[in-house]
Structures are given as C-alpha cells and as structure tokens.
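# Report on the structure
Here are the chains, one letter per residue:
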Amino acid sequence: MRLEGIHHVTCITGDAPGNVDFYTRVLGLRLVKKTVNQDDPTVYHLFYADEAGSAGGDITFFEYPGAARGRAGQGMVHTITWRVASEDALDFWADRLAGEGIATQRTGGRLRFDDLEGLGLELAVAATDDAPLVAEHPEIPAELALQGFDGVRAFSRDPERSRALLEETLGFAPDGDTAWEVRGEARGGLYAYDPAPGPGAPGAGTVHHVAWSSTMAEHEAWRDAVASARTRITGVIDRFWFRSLYFREPSGVLFEIATLGPGFDVDEPLESLGEALTLPPAFEHLRAQLEDVLTPLPDPRAARHAG
C-alpha cells in the first residue's frame, strides 16, 4: 500500500470573511465547499483547492469567530508549502503579496510568508511529474498559480520517536535525517521536522491536522496497519465527501488518512462548488438553526464577476 501524498491540511481561523478573501482573492484558490465542522456543526468548515476540488491542494479551515491567535509548538505543523512552477512564479508572488502589505522572505527557490492570522505558508519551486492542481483566477496566470501541496513541516523534540511509524507502517521514505517523502502512483508529498521551540497553543493561525490520501480500497487496511503498530486510531468516520481515520503520530501531530472520493461534486455541480452552504444529509435538519449562527460570507466568484 502507498499513501497518495497529502489529501488536505486543516487549520483554524477566527475570521471567516477575512479568510475567504485571503485564500481566494489573494492566493487565487477556489472555495470548493462551504460546510460545517461535523464534530461541532455550529462552526464553519471551509475548503479551498484547485478548480476541481482535488485532494492534494486542499487547505481547509474551522472558523471559531474571534478566536485568539495560537502559536505553533511541539507536536504541531508550523509551515504549509505549495508548489509553483518557476522562479518567475516566485517573482510574481513576491510582488503580489507586497501589494497586499504582506512581508516575505525568499531563499533558495522558496518564498516564505504568513497569512493574516500568522499561519506559516511557503511557496517552493518544485520539479515533479505530479499533475499541477490549479484554480482559475483573472489576476493570476495559470503558469504562475499555486499547483498543490509540496509538503508540511512540524515541530518535534525527538523526531526519532516517529521514524518507525512513518517508515515501517505508513511507508514514508527517508529524505534526510528529519524529512520524508510519501508517494503513491499519482502523487507525493513531503513531511519534515524542525526542533520544537517549546509548547504550542492552538488557536487562529495554527494547523489542526494534516490528512494523507488513501484509495477507498485500501482505507480499512490502513486502519489495521496503524492499529497493529500499537497506535490508537479511530474507526472509519464517514465525512460524506470522503472517509476518515484519525491518530496522533509519536511526535504528537494529528494525522488523518482520508479517502480519494467520493468527492465534492457528489452533492453540487462542479461549476458551482462552494457557492452555497452545503450540509451532509445527516446535518440537513439543522440548516435553519445553522444559518442563524454561522457568519455571513461573500461568494468570492460572484464578487469577482461583479468587479
């Protein structure tokens, strides 16, 4: 079995309207699903990805309105890296982000910056045969756009504690002393550790978990493999658009293994993904209640068209 790279990365925001503006207007991603946190349906779960809502470039956010900023620390992902095609793309993004008043740092084919709540983001020129996962945006040429995830970096006091699970159970291939690549038939991604600065504090601008991609056929077998490694793992949880397993790897990072499908277009047309509040069938009876408590959000595509 092989995991097909990163499925999605889920983070926390305290400001859904600002979050929508940054990730759609500034970074050029598509809001592909506007739904609720299925473990706490009074808050949003927002999904941004490429034009098709593909796994591999899907950053998601739980909104806790007014949440205080958090701080990445031990056992937490601190940086999310997207691929871009060229140094010209980094030039474009350095200029675009500067125009938004966002400071950047450029080093060796990488451009580092934070989102509006301090979440660590990075763009990296990456040579890969993986299909680029690109969203359409009138101000961002496709050849300069974000192309899906390259990897994530986490903090760990002792990365060696995680090596056996990563390599022997999950099939991550070493890429240096504290970095690994996980690659399936179609896609791959990187996972790496940096020395932990101390304990973290969950909150706005932090990563909640990182999900890795599994085929539907292998999903149950992944649960058995992780459980056999004496790691506590949930049963399969049906999230409607995909199925999920959750566990913490030994350094403390919350991992999910999510299926490649059914996909975001099982309940709304591809051309109108993310435009309306969409609820899994088990939550549909709560619609009126939720529409009263959820933060009103703009439709970024309608706003773009109007502009």
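For the structure, see preceding data.
The residue count restarts for each chain, going from 1 along the sequence in the order it is written. Where totals are concerned, whole chains, interfaces and linings use all residues; where local detail is concerned, this predicted model gives features only for residues with pLDDT of at least 70, and gives and counts side-chain atom pairs only at 80 or more. Hydrogens and water are ignored here; the side-chain numbers use all heavy atoms of the structure.

### Section: the pattern of salt bridges
Here, a salt bridge means any side-chain nitrogen of Lys or Arg that lies within 4 Å of a carboxyl oxygen of Asp or Glu. This structure, assessed with the given rule, holds 20 salt bridges. One salt bridge in this structure joins Glu51 and Arg30, with 3.7 Å as the shortest N-O distance. Taken together, the residues span a long stretch of sequence, with Glu51 in the loop between β3 (40-49) and β4 (58-63) and Arg30 in strand β2 (residues 30-37) at a distance of 21 residues. Residue Glu51 shares its accessibility class with Arg30, and that shared class is buried. Counted as one network, the salt bridges with shared partners bring together Arg83, Asp130, Asp150, Glu181 and Arg183. What counts as a helix is a DSSP run of H or I of at least four residues, what counts as a strand is a run of E of at least two, and both are numbered from the N terminus. Partly exposed describes any residue whose relative accessible area lies between the buried limit of under 20% and the exposed limit of over 50%, with all areas from a 1.4 Å probe on protein chains only and scaled to the type maximum.

### Observations regarding the sheet that holds strand β15 (residues 243-248)
The strand order across the open sheet built from 8 strands is β2-β3-β4-β1-β13-β16-β15-β14, with neighbouring strands paired in mixed fashion. Each end of this open sheet is capped by a strand with a single partner; those strands are β2 and β14 (237-238). Strand pairing follows a simple DSSP-based rule, namely that at least 2 bridges must link the two strands. Taken together, the 6 bridges between strand β1 (residues 6-13) and β4 define a ladder with parallel strand orientation. Its bridge partner lying in β4, Thr13 is registered against Glu63. Sheet contacts for helix α1 (residues 16-26): β1, β2, β3 and β4; angle to β3, the most-contacted strand, approximately 10 degrees. Residue contacts follow a heavy-atom distance rule, with two residues in contact if any of their heavy atoms lie within 4.5 Å. Think of each axis as a best-fit line through the C-alpha atoms, taken over the contacting stretch in the case of a helix, with angles from 0 to 180 degrees between the N-to-C directions.

### Notes on the nonpolar core
In this text, buried Ala, Val, Leu, Ile, Met, Phe, Trp, Tyr and Cys residues form a nonpolar core when linked through side-chain atoms within 4.5 Å. Among the nonpolar cores identified, the biggest contains 67 residues, and Tyr23, Ile59 and Leu170 are the most heavily contacted of them. Top contributing element to this core by residue count: helix α2 (residues 87-99), with 6 residues. In this structure Tyr23 touches Gly28, Leu29, Tyr48, Ile59, Phe61, Trp82, Asp115, Leu119 and Leu121, once residues within four positions along its chain are discounted. The next biggest cluster of nonpolar side chains, apart from the first, holds 9 residues, and it includes Ala49, Ala211, Trp241 and Phe242.

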